[in-house]
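So the chains spell out like this:
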Amino acid sequence: MSDPLAQARFDVAVANRILAYEGVLDAFGHVSVRHPDDPDRYLLSCSRAPELVGPADLIEYRLDSTAVEETGSAQYSERVIHGEIYRARPDVMAVCHHHAEAFMPFVITGTDYVPVFHLGATGGAKPPFWDQRAEFGDTGLLVVEPQEGASLARALGADHMVLMRNHGVTVTGASVQDLVFRCYYACRNAEFQARAAALGTVRPLSPGEIVAAQKIAAGPTGQARAWERWMARLDRLGAMPREPGPSRRVGFRPNPSPGR
Ligand SMILES: [Zn+2]
């Protein structure tokens with residue numbers, strides 16, 4: 001793809017739609033990507049339902065979460081989550097904040113997430129919790145102040161996911177595709193973990209299994225296959241962005257070898 005910015009806009013619009021149609025986002029929650037040409041900026045939609053986000057809705061933000069150009073559109077109040085994580089973590093290229101149903105029992109009870117199947121390893125061995133009240137007292141639980149976003153980023157540390165007490169989850173990725181993969185399969189893992197706990201004793205993966213499974217999940221083969229499936233499902237539903245975009249398959253390195 002000759003225009004990395006157009007590709008990034010298209011990918012993040014599609015990522016919003018995939019995560020909405022796959023049950024991770026509803027009316028709320030959002031996905032961003034670091035600007036491909038300027039690591040001190042990121043792209044996030046104006047305030048609208050994720051399943052409707054198109055490439056033209058994306059606003060360019062500085063890391064302090066001020067818009068580079070005022071568009072007049074309403075903005076997400078929790079955009080500091082994205083800016084402060086990009087500021088704290090140069091390796092992070094994409095961020096999603098969500099309140100997925102699968103995770104709400106975890107963040108309400110303070111139950112640790114543990115990988116219970118191989119794809120669940122992508123969520124991390126034991127992602128940290130963040131308690132907004134511990135540092136900021138009684139709030140409306142939205143993360144709207146830069147210092148709140150910075151505190152969340154500190155709690156995230158070097159992990160890929162942080163659970164937010166009585167609120168939701170924030171997830172990071174090395175690319176938009178990596179992010180969507182992690183959001184989706186961490187939600188599946190959370191569902192399986194909760195259902196398994198109702199049946200009997202939960203047996204998590206071993207630390208060695210988690211590392212090995214994470215390595216596989218971070219590779220392009222599985223991520224490309226999952227992305228292809230999710231794109232096909234959007235297509236069948238007539239839910240792809242209508243605005244012209246670049247080729248749907250670009251943005252991925254070609255598979256190094258066939259199969260798997
Ligand atoms: Zn939220």
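Computed from a prediction, not measured in an experiment: that's the story for all the values here. (Residues numbered from 1 in each chain as written. Predicted model: local features only at pLDDT ≥ 70, side-chain atom pairs only at ≥ 80, totals over all residues. Heavy atoms only, no water.)

Chemist: Give a detailed account of the environment of E209, specifying residues and quantitative values.
Modeler: With respect to the helices, strands and loops of the structure, E209 is situated in helix 7 (residues 207–217). Overall, E209 belongs to the partly exposed group, its relative accessible area being 43%. A sequence separation of 94 residues divides E209 from P115, and the C-alpha atoms of the two residues are 9.6 Å apart. Here S206 takes part through its backbone nitrogen, which lies 2.8 Å from a polar atom of the side chain of E209. (Helix = DSSP H or I, 4+ residues; strand = E, 2+ residues; numbered from the N terminus. Buried < 20%, exposed > 50% of the residue type's maximum accessible area, 1.4 Å probe, protein only. Polar contact = N/O pair within 3.5 Å; in protein donor to acceptor, adjacent residues only side chain to side chain.)

Chemist: Please set out the sheet that holds strand 4 (residues 94–98) residue by residue, giving values where relevant.
Modeler: Strand order in the open sheet formed by 7 strands is 3-2-1-4-7-6-5, with mixed pairing between adjacent strands. Two strands close off the open sheet at either side, each with one partner strand: strand 3 (58–62) and strand 5 (129–130). Two elements, strand 1 (residues 30–34) and strand 2 (residues 41–45), share 3 bridges in a ladder whose sense is antiparallel. By the bridge assignment for strand 2, S32 is matched with L44. Lying over the sheet, helix 6 (residues 176–199) contacts strand 1, strand 4, strand 6 (161–164) and strand 7 (168–173), oriented at roughly 145° with respect to strand 7. (Pairing = 2+ DSSP bridges. Contact = heavy atoms within 4.5 Å. Axes fitted to C-alpha atoms, helices over the stretch in contact; angles between N-to-C directions.)

Chemist: Which residues make up the pattern of salt bridges, and what values go with them?
Modeler: Side-chain pairs of opposite charge can arise where the charged atoms are in close proximity. Following the criterion strictly, the structure yields 12 salt bridges and no others. Residue E22 pairs with R233 through a salt bridge whose shortest N-O separation is 2.7 Å. Residue E22 is located in the loop between helix 1 (4–21) and strand 1, and its partner R233 is located in helix 8 (residues 220–236); the two are separated by 211 residues in the primary sequence. Note on E22: relative accessible area 17%, which makes it buried. What makes R233 partly exposed here is its relative accessible area of 29%. Between D38 and R41 there is a salt bridge, and its shortest N-O distance comes to 3.4 Å. Taking the relative accessible area as the measure of exposure, R41 reaches 26% and is therefore partly exposed. It is possible to trace a salt-bridge network through shared partners that takes in D38, R41 and E60. (Salt bridge = Lys/Arg side-chain N within 4 Å of Asp/Glu carboxyl O.)

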